[in-house]
Amino acid sequence: MAAAANGPRRPPLHRPSQGSASASRRCGGPGAALPLPSAAAGAAMASYTKAAQQWATFARAWYLLDAKMQPPGKIAAATVMRLEGRHKPIYHALSDCGDHVVIINTRHIAFSGNKWEQKVYSSHTGYPGGFKQVTATQLHLKDPTAIVKLTVYRMLPKNLQRRTMMQRLHLFPDDVIPEDIQNNLLQEIPQPRVVPRRLDEYTPEEIAAFPKVWIPPKDFRRR
Amino acid sequence: MAAPSLLRGGLRRLFTGLFGTGWASPPTRALREVMEVTEGNTTTIEGRIIEDAQAPAPPNPSGQCPICRWNLKHKYDYVDVLLLSQFIRSDGGMLPRRITGLCLEEHKKIAVCVQMAHRAGLLPNHRPPLPEGHIPKKHKLNREIPPRFPSCFIQTTHLCSWSLGILFFVQDPAILKGASRALR
């Protein structure tokens, strides 16, 4: 089985230092002592069957992304990379090589600046007088997944594949996921923004270890 | 009305006699911790004065303000809540400069960082007391402060990391030099 799963069979290289008996041996496989990088790669890939390698290359994976305290734009940028399949070396726009992305905690996204009050999401029902404008706050209260959904939709390429990719996006406002999706998850995408620690997330030991940079006077009454 | 003014004048003279000349504030007392000890039939409740533990010596004792004394000029940010929380009251406001000893520019910088930390939600327990009967909003929207420069260009020198221990507690110059080089 190991011999059959080797890389492409190469004709034995002539090694003048050794005798003619070894030169007639077939090269290839982990038994060969040639320091060639291609032979080393062939030896490494020899541990997977062809079917397993095909599966690993072309299967559609499920990724998890936690949107807690993250800006929705950065979340969408990481998501769109995975939905299109651009993170794969086999990417082609027509190959339909995108993966599934599950975003949790969309209720806890964080906008910078005053976007909660200033960012406006507009829509038109198609009927006269049907132009609606809502702020990000109002939209988020009405539907906690809408902001991330719209951000991802607008960041995807504007072609017919966009709707298919949106079908592979799964949004959840909290960290409660259906069990069948939870069983599919393969890997977690790292969060794009490093979330700073709150004061109540520090242990009392860490707070005690931090030195006091100023000493209050004896008659100071701390309020 | 002659009678009430006479009364008021008499009362004021009484009070000034009690506190001495001028309208001085009552004498302040140090912070005390209430201890209750029960031994058999006797329960002793006493207030023990809390003594602050001796703080380690600052690396630059010749500095004018705490930030200069601890060599923290240009080294802190809004995420260093352990430092910022030392200069704020329990309701989130800044302590006066004459008490903390900060110089004016550092006081302003710390005030700005405290404002940013409040906005980012990093000081959840330093909120102003709300009036009774106030119903808080059900939803709380998270806000974040975007980085001033992309993280790929600048090496952060946040104090709330392992390097703090090396800066503050290790006085050996060789190790300090290595730590400062690592920070840079």
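To start, this report covers the structure provided alongside it. All values reported here derive from a predicted model rather than from experimental measurement.

### Looking at the pattern of salt bridges
All names here are of chain A.
At step 1: Counted under the stated rule, the structure contains 16 salt bridges over all chains.
At step 2: Between Arg86 and Glu84 there is a salt bridge, with the nearest N and O atoms lying 2.7 Å from each other.
At step 3: By relative accessible area, which is 46% here, Arg86 ends up partly exposed.
At step 4: The buried category is assigned to Glu84, whose relative accessible area is 12%.
At step 5: Notably, a salt bridge pairs Arg198 with Glu201, separated by 3.5 Å at the nearest N-O pair.

### Quick word on the packing of aromatic side chains
Residues and elements named next belong to chain A.
At step 1: What the rule picks out here adds up to two aromatic pairs over all chains.
At step 2: Pairing Trp214 with Phe220 gives two aromatic rings, centres 6.0 Å apart and planes at 70°, and the pair type is edge-to-face.
At step 3: The class for Trp214 is buried, based on a relative accessible area of 5%.
At step 4: Its relative accessible area of 16% is what places Phe220 among the buried residues.
At step 5: Directly above the aromatic system of Tyr202 lies the positively charged group of Arg197, at a separation of 4.2 Å from the ring centroid.

### So, the side chain of Arg162(A)
Residue and element names in this part refer to chain A.
At step 1: Tracing the sequence through the fold places Arg162 in helix α8 (residues 161-167).
At step 2: One buried charge, Arg162, has no salt-bridge partner; the nearest side chain with opposite charge is Glu84, at 10 Å.
At step 3: Excluding anything up to four places from it in sequence, Arg162 contacts Tyr153, Arg154, Leu156 and Pro157.

### Quick notes on the packing of helix α4 (residues 72-84) of chain A against helix α7 (residues 146-155) of chain A
Residues and elements named next belong to chain A.
At step 1: Viewed as axis vectors pointing N to C, α4 and α7 meet at an angle of 55°, and their least axial separation amounts to 9 Å. Judged on the interaxial angle alone, α7 and α4 are oblique. Between α4 and α7 lies a crossing whose hand is right-handed. For the pair α4 and α7, contact is made by Pro72, Gly73, Ile75, Ala76, Ala77, Thr79, Val80 and Leu83 and by Ile147, Val148, Thr151, Val152 and Met155, respectively.
At step 2: Along the lines of polarity and charge, the residues of the contact of α4 with α7 split into 10 nonpolar, three polar and no charged.

### Re the state of the cysteines
Residues and elements named next belong to chain B.
At step 1: By the definition in use, this model includes zero disulfides over all chains.
At step 2: We note that Cys65 lacks a disulfide partner, and the nearest cysteine sulfur, in Cys68, lies 3.2 Å from it.
At step 3: Residue classification places Cys65 among the buried residues on the basis of a relative accessible area of 1%.

### A closer look at the interface of chain B and chain A
At step 1: Every contact between the two is made by 43 residues of chain B and, on the other side, 37 residues of chain A.
At step 2: Of the roughly 3,500 Å² buried where chain B meets chain A, counting both sides, 63% is carbon and sulfur surface.
At step 3: The largest share of the area that chain B buries against chain A comes from Gln86(B), Asn142(B) and Glu144(B), three residues that together contribute 20% of it.
At step 4: For the interface between chain B and chain A, the tally reads two salt bridges.

### What about the sheet that holds strand β6 (residues 169-171) of chain A?
What links the strands of a sheet is backbone hydrogen bonding, and the strands pair in either a parallel or an antiparallel sense.
All names here are of chain A.
At step 1: Spatially, β6-β2-β1-β7 is the arrangement adopted by the four strands of the open sheet, whose pairing is parallel. Each end of this open sheet is capped by a strand with a single partner; those strands are β6 and β7 (187-188).
At step 2: Examined bridge by bridge, strand β2 (residues 100-104) and β6 share three bridges and lie parallel to one another. Following the sheet pairing, Val101 is matched in β6 by Leu169.

### Some details on α4(A)
Every α-helical turn comprises 3.6 residues, leaving residues that sit three or four positions apart pointing alike.
All names here are of chain A.
At step 1: With 13 residues, α4 should cover 18 Å at 1.5 Å per step; its first-to-last C-alpha distance of 18 Å lies within 8% of that length.
At step 2: When α4 is considered as a whole, its buried residues turn out to be Pro72, Ile75, Ala76, Thr79, Val80, Arg82, Leu83 and Glu84.
At step 3: Positioned one or two residues after α4, Gly85 has a phi angle of 95°, which is positive.

### Focus: the environment of Leu82(B)
Residue and element names in this part refer to chain B.
At step 1: You can see Leu82 is positioned in helix α3 (residues 81-84).
At step 2: Leu82 gets classed as buried once you look at its relative accessible area, which sits at 7%.
At step 3: Placed 54 residues apart in sequence, Leu82 and Pro136 show a C-alpha to C-alpha distance of 27 Å.

### With respect to the pairing of β2(A)
All names here are of chain A.
At step 1: With five of its five residues buried, β2 lies for the most part within the structure.
At step 2: Relative to β2, strand β1 (residues 62-66) runs parallel, the two sharing five bridges. Its bridge partner being in β2, Asp66 is matched across the sheet by Ile104.
At step 3: At this point the chain moves from β1, through α4, to the parallel β2, and the crossover so formed is right-handed.

### A few points about the nonpolar core
At step 1: By size, the foremost hydrophobic cluster in this structure holds 31 residues, and its most contacted members are Tyr78(B), Phe87(B) and Ile110(B).
At step 2: Secondary-structure elements contributing two or more residues to this core are α3 and α5 (104-119) of chain B.
At step 3: At five residues, the largest contribution of residues to this core is made by α5(B).
At step 4: With residues near it in sequence (within four places) discarded, Phe87(B) still touches Val213(A), Trp214(A), Gly93(B), Met94(B), Leu95(B), Thr100(B), Leu102(B) and Ile110(B).
At step 5: The next biggest cluster of nonpolar side chains, apart from the first, holds 26 residues, and it includes Ala67(A), Ile75(A), Phe111(A) and Leu171(A).

About the criteria used
- Within each chain, residue numbers correspond to sequence positions counted from 1 in written order.
- A letter from A marks each chain and a number from 1 marks each ligand, given out in the order of writing.
- Per-residue local features are limited, in this predicted model, to residues with pLDDT of at least 70; the limit for side-chain atom pairs, both in listing and counting, is 80 or more; totals at the level of whole chains, interfaces and linings are taken over all residues.
- Here the side-chain values reflect all heavy atoms present in the structure, with hydrogen atoms and water set aside.
- A side-chain nitrogen of Lys or Arg and a carboxyl oxygen of Asp or Glu constitute a salt bridge if their distance falls within 4 Å.
- When a residue's accessible area, from a 1.4 Å probe over protein chains only, is under 20% of the maximum for its type it is buried; when over 50% it is exposed; and in between it is partly exposed.
- Only Phe, Tyr and Trp rings are paired, with Trp represented by its six-membered ring, and only when their centres lie within 6.5 Å; those with planes under 30 degrees apart are stacked, over 60 edge-to-face, the remainder tilted.
- Here, a charge over a ring means that NZ of Lys or CZ of Arg falls within 6 Å of the ring centre while also lying within 35 degrees of the ring normal.
- Strands are runs of DSSP state E lasting at least 2 residues, helices are runs of H or I lasting at least 4, and numbering of each runs from the N terminus.
- The positive count covers Lys and Arg only, the negative count covers Asp and Glu only, and His and the chain ends enter neither.
- In what follows, residue pairs with any heavy atoms lying within 4.5 Å of each other are defined as contacts.
- Note on geometry: axes are lines fitted to C-alpha atoms, helical ones only across the stretch in contact, with angles between N-to-C directions running from 0 to 180 degrees.
- Every angle not falling under 35 degrees, over 145, or within 65 to 115 is termed oblique; those three ranges are roughly parallel, roughly antiparallel and roughly perpendicular.
- Each crossing gets its handedness from the near helix: less than a right angle anticlockwise from the far helix is left-handed, clockwise is right-handed.
- Classification convention: Asp, Glu, Lys, Arg as charged; Ala, Val, Leu, Ile, Met, Phe, Trp, Tyr, Cys, Pro as nonpolar; all other residues, Gly among them, as polar.
- Only a pair of cysteine sulfur atoms within 2.5 Å counts as a disulfide in this structure description.
- In this description, buried area is defined as the sum, over both parts, of the accessible area (probe of 1.4 Å) that is lost when the two are combined.
- Following DSSP output, two strands are said to pair if at least two bridges run between them.
- An expected span of 1.5 Å times one less than the residue number is assigned to each helix.
- When the strands point away from the viewer and the path from the first strand over the helix to the second turns clockwise, the crossover is right-handed.
- To form a nonpolar core, buried Ala, Val, Leu, Ile, Met, Phe, Trp, Tyr and Cys residues must be joined to one another through side-chain atoms within 4.5 Å.

Functional significance is not addressed by these values, which are geometric in nature.
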